[in-house]
Amino acid sequence: MTTPAEDPAPAPPRRAALLTGLALTAGTLTAGCAAPATPDAARGRPRTTPPTPPAAPSAPVVPPAPAPRRFPAQPSEITHGPRTNPPKVALTFHGQGDPAIATSVLGEAEKAGVRVTVLAVGTWLDEHPGMARRILDGGHDLGNHTLHHLDINAMSQTEAAAEIRGCADRLKRLTGSIGTWFRPSRSPRASALVQRLAQDAGYPHTLSYDVDSLDFTSPGAAAVTRNVLATVRPGSVVSLHFGYADTVAALPDLLHELDRRGLRPVTTTELLS
């Protein structure tokens, strides 16, 4: 005769006590591995994460100015560009003098849609560093016209090299480039030594001119215009200056007359490209 299965016998008191102790120990170890409850969690509120502060705006990246270019068809010293069509000329300015007048010259050119070439003196850039970026932001060429604007052809090799590299260093610091052109100071032409030193500093060409406005003599605005128009022709490189009120006053009429003759003023880089 089969009897129904019986319930297991209750554990002896000592065995029950051991099982209870093991359970309590396991609970304690589990609690020790868990992350401690935060006060918010303990009070039943969800834990919040502080908002991430917005990133600080980064400074705008200003691309470096154009570097000098070699024009294989041109000599080491350039006095003019191609005499062919389309007829273009380059208005080049010695960069020195009152920055207010310089800004007016640039403004008059830009108003007419014209871009020019500025050869800056290094000490002028020291005094007015913002002019370098002003020139470039207007779409103009910017180059090197020595550090102190002294007679570079009369200097020793060491002195002349320091004049060229001194201005190049300032242009590099302000714009990221040594500039597109080098023009000798106190002379329309560079000696063979100065040409070589300019090439050593990174300028494949020295930039001269074939038309002199003589605006630095302050002959009056009408005379400045006449001086240019008397000899300008396609491909001409015209020498002008910042720092003279006659130049600012002459520019509107000069630009008008160049346009009437079909001569389009451009940067020197564009003239030779």
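Residues numbered from 1 in each chain as written. Predicted model: local features only at pLDDT ≥ 70, side-chain atom pairs only at ≥ 80, totals over all residues. Heavy atoms only, no water.

When helices and strands are counted, the chain shows 10 helices and eight strands. Buried positions account for 40% of the 273 residues belonging to the chain. Here the analysis covers contacts within the chain between residues at least 6 apart in sequence; of these, 81% occur between residues at least 24 apart. (Helix = DSSP H or I, 4+ residues; strand = E, 2+ residues; numbered from the N terminus. Buried < 20%, exposed > 50% of the residue type's maximum accessible area, 1.4 Å probe, protein only. Contact = heavy atoms within 4.5 Å.)

Turning our attention to the nonpolar core. Core analysis: the largest hydrophobic core is formed by 51 residues, its most contacted members being Trp124, Ile164, Tyr203 and Val232. The contact partners of Val232, leaving out residues within four places of it in the chain, are Val89, Val211, Val238, Leu258, Arg261 and Leu263. Judged by nonpolar contacts, the second largest core, of 11 residues, contains Phe71, Ala90, Leu119 and Trp181. (Core = buried A, V, L, I, M, F, W, Y, C linked by side-chain atoms within 4.5 Å.)

The subject of this paragraph is helix H3 (residues 99-111). For H3, spanning 13 residues, the distance from its first C-alpha to its last is 18 Å, which sits close to the expected 18 Å at 1.5 Å a residue. Buried residues in H3 make contact with strand E2 (88-95), strand E3 (117-120), helix H4 (122-127), helix H5 (130-137) and helix H9 (245-260). With a side-chain oxygen lying 2.9 Å from the backbone nitrogen of Ala100, the N-terminal cap of H3 falls on Asp98. (Expected span 1.5 Å × (residues − 1). Polar contact = N/O pair within 3.5 Å; in protein donor to acceptor, adjacent residues only side chain to side chain.)

A separate point is the side chain of Thr268. Take Thr268: it is sitting in helix H10 (residues 268-272). In contact with Thr268, not counting residues within four places along its chain, are Ala90, Thr92, Thr117, Asp141, Trp181 and Leu207.

Glancing now at unusual backbone geometry. A cis amide bond links Asn85 with the next residue in sequence, Pro86, at an omega value of -5°. Within the secondary structure layout, Pro86 lies in the loop between strand E1 (77-78) and E2. Positive phi values are uncommon outside glycine, yet Thr146 reaches one of about 75°. For Leu214, which is not glycine, the phi torsion reads 60° and is therefore positive. Mapping Leu214 onto the fold places it in the loop between strand E6 (211-212) and helix H8 (221-231).

For the pair H8 and H9, interaxial distance at closest approach is 8 Å and the crossing angle is 45°. Here H8 is positioned oblique relative to H9, judged by the angle of their axes. Considering the relative orientation of H8 and H9, their crossing is right-handed. From H8, Ala221, Val224, Thr225, Val228 and Leu229 reach across to H9, where they touch Asp246, Ala249, Ala250, Asp253, Leu254, Glu257 and Leu258. Here the residues of the contact of H8 with H9 are counted per class, giving eight nonpolar, one polar and three charged. (Axes fitted to C-alpha atoms, helices over the stretch in contact; angles between N-to-C directions. Parallel < 35°, antiparallel > 145°, perpendicular 65-115°, else oblique. Left-handed = near helix turned anticlockwise from the far one by under 90°. Nonpolar A, V, L, I, M, F, W, Y, C, P; charged D, E, K, R; others polar.)

To continue, consider the confidence of the model for the chain. Reading fine detail from the predicted coordinates is not recommended where pLDDT is low. The share of residues in the chain with pLDDT of 70 or more is 77%, and the mean pLDDT across the chain is 85. Of the regions scoring below 50 in pLDDT, residues 1-43 engages in five contacts with residues more than four places distant in sequence or in other chains. Under a pLDDT of 50 for its full length, residues 56-60 has, in the predicted model, zero contacts with residues more than four places off or in other chains. (pLDDT = per-residue confidence, 0-100.)

Structurally, Arg189 is set in the loop between helix H6 (157-175) and helix H7 (192-200). Residue classification places Arg189 among the partly exposed positions, given a relative accessible area of 37%. Put simply, Arg189 and Leu207 are 18 residues apart on the chain and 8.2 Å apart in space, counted from C-alpha to C-alpha. What Arg189 contacts, discounting residues up to four positions off in sequence, is Glu77, Thr79, Asn153, Pro184, Ser208 and Tyr209. Within the local environment of Arg189, its side chain forms a polar contact with the side chain of Ser208, the two groups lying 2.4 Å apart. A polar atom in the side chain of Arg189 sits 3.4 Å from the backbone oxygen of Tyr209.

Before going further, it helps to spend a moment on the packing of aromatic side chains. Under the criterion given, the structure shown has four aromatic pairs. Relative to Phe242, the ring of Trp124 lies with its centre 6.0 Å away and its plane at 50°, an arrangement referred to as tilted. Of the two residues, Trp124 is situated in helix H4 and Phe242 in the loop between strand E7 (237-241) and H9; the sequence distance between them amounts to 118 residues. An aromatic cluster of three or more residues is present, and its members are Phe93, Trp124 and Phe242. (Phe/Tyr/Trp six-rings, centres within 6.5 Å; stacked < 30°, edge-to-face > 60°.)

Counting buried residues along E2, eight of its eight residues qualify, which places the element largely inside the surrounding structure. Side chains Lys88, Ala90, Thr92 and His94 project from E2 onto one buried face, and the interleaved Val89, Leu91, Phe93 and Gly95 project onto a second face that is buried too. In terms of strand pairing, E2 meets E3 through four bridges, oriented parallel. Note on E3: the bridge partner recorded for Phe93 is Val118. At this point the chain moves from E2, through H3, to the parallel E3, and the crossover so formed is right-handed. (Pairing = 2+ DSSP bridges. Right-handed = clockwise from strand over helix to strand, strands pointing away.)

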